[in-house]
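In case you want the letters, here they are:
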Amino acid sequence: MKTLFTSIVLLCALSVVLAQQPGKDQSKNTNPVSKSRVLQVDSAVVTKHTVTIKGKAIPYTATAGSMPLWDEDGRPIAGVFYTYYERDDVSDRSTRPLVISFNGGPGTPSVWMEIGYTGPRRLNVDSEGYPIQPYGIVDNNNSILDVADIVYIDPVNTGYSRIVDKETPGSRFFGVNEDIKYLAEWINTFVTRKNRWASPKFLIGESYGTTRASGLALELQDAQWMYLNGVILVSPTDLGIERNGPVQEALKLPYFAATAWYHGMLPPEYQQKELTAFLPEVENFTINDLIPAMARGGFIDDAQKQEIAAKMSKYSGISQKLILDNNLDVSYDLFWKELLREKGYTIGRLDSRYRGIDRQSYGGSPDYNAELTAWLHEFTPAMNIYLRNDLNYKTDLKYNMFGNVWPWDDKNDHTGENLRQAIAENPYLHLLIQSGYFDGACDYFNAKYSLWQLDPSGRLKDRLKWEGYKSGHMLYLRKEDLATATENLRKFIQESVPKPGTPAKY
């Protein structure tokens, strides 16, 4: 085993030299990445590009490669694949922000945000984010590369990242806290190698990546002594914040209402309103009426129960009888199946704008996730084309859109509290949450609830912000929201970097 690792390290060292020789046109280099299915754990391919953002040409260097994770004896046990974009016409990196980006799953790579949201190239889709052919990549004129360098990280077993030591169990990586610990170590190595310790640093995570980013905020500060300027949570999970019983059951309603509004299933008095003018009424009803009513369980007065159910029906587009039959607690699955049942469609989980067709209309849940099928349809060919043709990273390894990270240890998830502690410890640290109104997996009102619970004292709230968009889980797939959301990221990054000489103190 040691002989094998020695050979790999020597070969990888040669790969780095070949990929980083100065004075060469890197886009024409012979690709050092093996075409075998063995990951080279410490190698990189460098290419040069230009993208136009906000009407200005931005030259940049793209690095696609893998860096190792080591055991206690310094042996590589896994390789973590990354793509790193660095703007070329910047002389002082000490003031240039670095954005560290993750996606979720927890078994997915960073493909979604890299070629869907913030990266310099974007997959070819229609204006609402639906697949079109021919598949491929176009310039992302909304990329945030104009204001920050970006590294996209694929956790172990996602993308091209792999365990390379057969004696190392998956349990070392596959769990809430294990994931945070090894990624913090890897980020330390990356920042050191790329000489970015002086740079303002930001984490951005999507979906389960928000659990990851929230935990990393504290782990980086407390275990790596690396302090951040901002954390961005896109379509956040519950972050380990408790919401059992009536609270958990009731918080779904505003999402139901947003989805029913989108599909035109509401009474005219609500349907004719703008979405953001309509939703506050539903939110207030949820907090002030529905949660107290559900807290009384079976002992609620029958007349009041009927009144609550009637109101829920008007807000959600589903029948009062169905709501009563479910004791006011309609599940997400049943809602996705029921809302358009009479029209012959189901609706998507991660994005309720998407419609599906089931084998039969009967039943309590959809046959498949219409939105995820569409996203895999468009992202998979685009990413494989991009890595090979644009970034010149050629390998016979399969790019795992969903990798095997199971069993995943989800116990002891305190990432919401970890994030609160990190913000309290670091006066520089700011938080931005972005949600899609039509996301049923990480719904927008639960994201608001998490924001409220992050800071029970209310003394940190001037550094906490939430934004909503008329999209789903991947809120950036809708072109109109892509432009708005990336502009808001720019503002957040720029406003979270203090003026020179401003001390981090209360």
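Above this note sits the structure.
Okay, so let's go over this structure. Model, not experiment: these values are computed from the prediction. Position labels on residues start from 1 in each chain and follow its written sequence. Given that the model is predicted, a residue must reach a pLDDT of at least 70 before its local features are reported, and side-chain atom pairs must reach 80 or more before they are shown or counted; all residues, however, enter totals for whole chains, interfaces and linings. Excluding hydrogens and water, the side-chain figures rest on all heavy atoms present in the structure.

Now for the overall build of the chain. Counting from the N terminus, the helices are DSSP H or I runs at least four residues long and the strands are E runs at least two residues long. Secondary structure summary: the chain contains 15 helices and 14 strands in total. All radius of gyration figures rest on C-alpha atoms, and the globule criterion is 2.2 Å times the number of residues raised to 0.38. Its C-alpha atoms give the chain a radius of gyration of 24 Å, near enough to 23 Å, the size a compact globule of 506 residues would have. With respect to the principal axes defined by its C-alpha atoms, the chain has extents near 75 × 55 × 50 Å. Partly exposed residues are those whose accessible area sits between 20% and 50% of the maximum for their type, while under 20% is buried and over 50% is exposed, using a 1.4 Å probe and protein chains only. For the chain, the residues scored as buried account for 58% of the 506 residues in total. Working rule for contacts: check all heavy atoms of both residues, and any pair within 4.5 Å makes them a contact. In the chain, of all internal contacts separated by at least 6 residues, the share reaching a separation of at least 24 is 72%. For every accessible area listed, the method is Shrake-Rupley and the probe measures 1.4 Å; residues are considered covered only by the protein chains on display. Here the chain displays about 21000 Å² of accessible surface, and carbon together with sulfur accounts for 51% of that area. When the 55 positive and 61 negative side-chain charges of the chain are each reduced to one mean point, those points stand 5 Å apart. Residues counted as positive are Lys and Arg, residues counted as negative are Asp and Glu, and His and the chain ends are not counted. Where a charge lies is defined by one atom per residue type: Lys uses NZ, Arg uses CZ, Asp uses CG and Glu uses CD.

Attention shifts here to the packing of aromatic side chains. Geometry of aromatic contacts follows a simple scheme: Phe, Tyr and Trp rings, the Trp one being its six-membered ring, pair when their centres are within 6.5 Å, and the pair is stacked under 30 degrees between planes, edge-to-face over 60, tilted otherwise. Tallying each qualifying case throughout the model produces 36 aromatic pairs. On the basis of an interplanar angle of 85° and a centroid distance of 5.9 Å, the ring pair of Tyr354 and Trp375 is categorised as edge-to-face. Remark: Trp375 occurs in helix α12 (residues 370-390) and Tyr354 occurs in the loop between β11 (346-347) and β12 (355-356); sequence separation between them is 21 residues. For Trp375, a relative accessible area of 0% gives the class buried. Pairwise contacts between aromatic rings join Phe173, Phe174, Tyr182, Tyr208 and Trp408 into one cluster. Sitting over a ring, as applied to charges here, requires NZ of Lys or CZ of Arg to be within 6 Å of the ring centre and within 35 degrees of the ring normal. Residue placement shows Lys252 over the ring face of Tyr332; its charged tip is 5.8 Å from the ring centre. The ring centre of Trp466 lies 4.6 Å from the NZ or CZ of Lys448, which sits over that ring.

Right, let's talk about the pairing of strand β3 (residues 76-87) for a bit. Counting buried positions along β3 yields 12 of 12 residues, so the element is predominantly enclosed. Any two strands with at least two DSSP-identified bridges between them are counted as paired. Here strand β2 (residues 56-70) pairs with β3 via 11 bridges, running antiparallel. Among the inter-strand pairings, Ala64 is bridged to a residue of β3, identified as Thr83. In sequence, β2 turns back onto β3 through a hairpin of 5 residues, with Gly74 there showing a positive phi of about 80°.

Each patch is built from residues lacking any salt bridge and having more than 30% relative accessible area; the joining distance is 9 Å for like charges and 5 Å for nonpolar side chains (Val, Leu, Ile, Met, Phe, Trp, Tyr). Salt bridges are defined as contacts in which a side-chain nitrogen from Lys or Arg sits within 4 Å of a carboxyl oxygen from Asp or Glu. A contiguous nonpolar patch, built from Tyr345, Ile357 and Tyr368 and spanning about 280 Å² of accessible area, is present on the exposed surface. In this structure, Ile357 sits in the loop between β12 and α12.

Moving on, we get to the nonpolar core. One recurring pattern in soluble globular proteins: nonpolar side chains tend to sit buried together. In terms of nonpolar packing, the biggest core is built from 94 residues, with Ile187, Phe278 and Leu431 touching the most fellow members. For Ile187, the contacting residues outside a window of four places in its chain are Ile100, Phe102, Ile153, Leu216, Leu220 and Met226. Note on terminology: a nonpolar core comprises buried Ala, Val, Leu, Ile, Met, Phe, Trp, Tyr and Cys residues joined through side-chain atoms within 4.5 Å.

By the criterion of burial, β2 is predominantly enclosed, with 11 of the 15 residues buried. Strand direction decides the pairing type here: strand β1 (residues 43-53) and β2, joined by 11 bridges, are antiparallel. In the strand pairing of β2, Val46 is matched with Thr63. Counted along the chain from β1 to the antiparallel partner β2, the turn is 2 residues long, and its residue Lys54 has a positive phi close to 55°.

On to the side chain of Ser207, then. Looking at where Ser207 falls in the secondary structure, it is placed in the loop between β9 (201-206) and α4 (208-223). For Ser207, the contacting residues outside a window of four places in its chain are Gly104, Val234, Ser235, Thr237, Cys442 and His473.

Residues Gly105 and Pro106 are joined by a peptide bond in cis, for which omega reads 15°. Note on placement: Pro106 falls in the loop between β4 (98-102) and α2 (111-118). At the junction of Trp406 and Pro407, the peptide bond is cis and its omega measures out at 0° in the coordinates. Within the secondary structure layout, Pro407 lies in the loop between α12 and α13 (415-425). Of note in the backbone geometry, Lys54 takes a positive phi value of approximately 55° without being a glycine. Within the secondary structure, Lys54 is located in the loop between β1 and β2. Looking at Lys54, the relative accessible area reads 48%, which means it is partly exposed.

What follows concerns the environment of Pro155. Within the secondary structure, Pro155 is located in the loop between β7 (149-154) and β8 (162-163). The class for Pro155 is buried, based on a relative accessible area of 1%. A C-alpha to C-alpha distance of 7.6 Å links Pro155 and Leu183, two positions 28 residues apart in sequence. Dropping the residues within four chain positions of it, Pro155 is found in contact with Thr108, Ser161, Asp179, Tyr182, Leu183 and Arg212.

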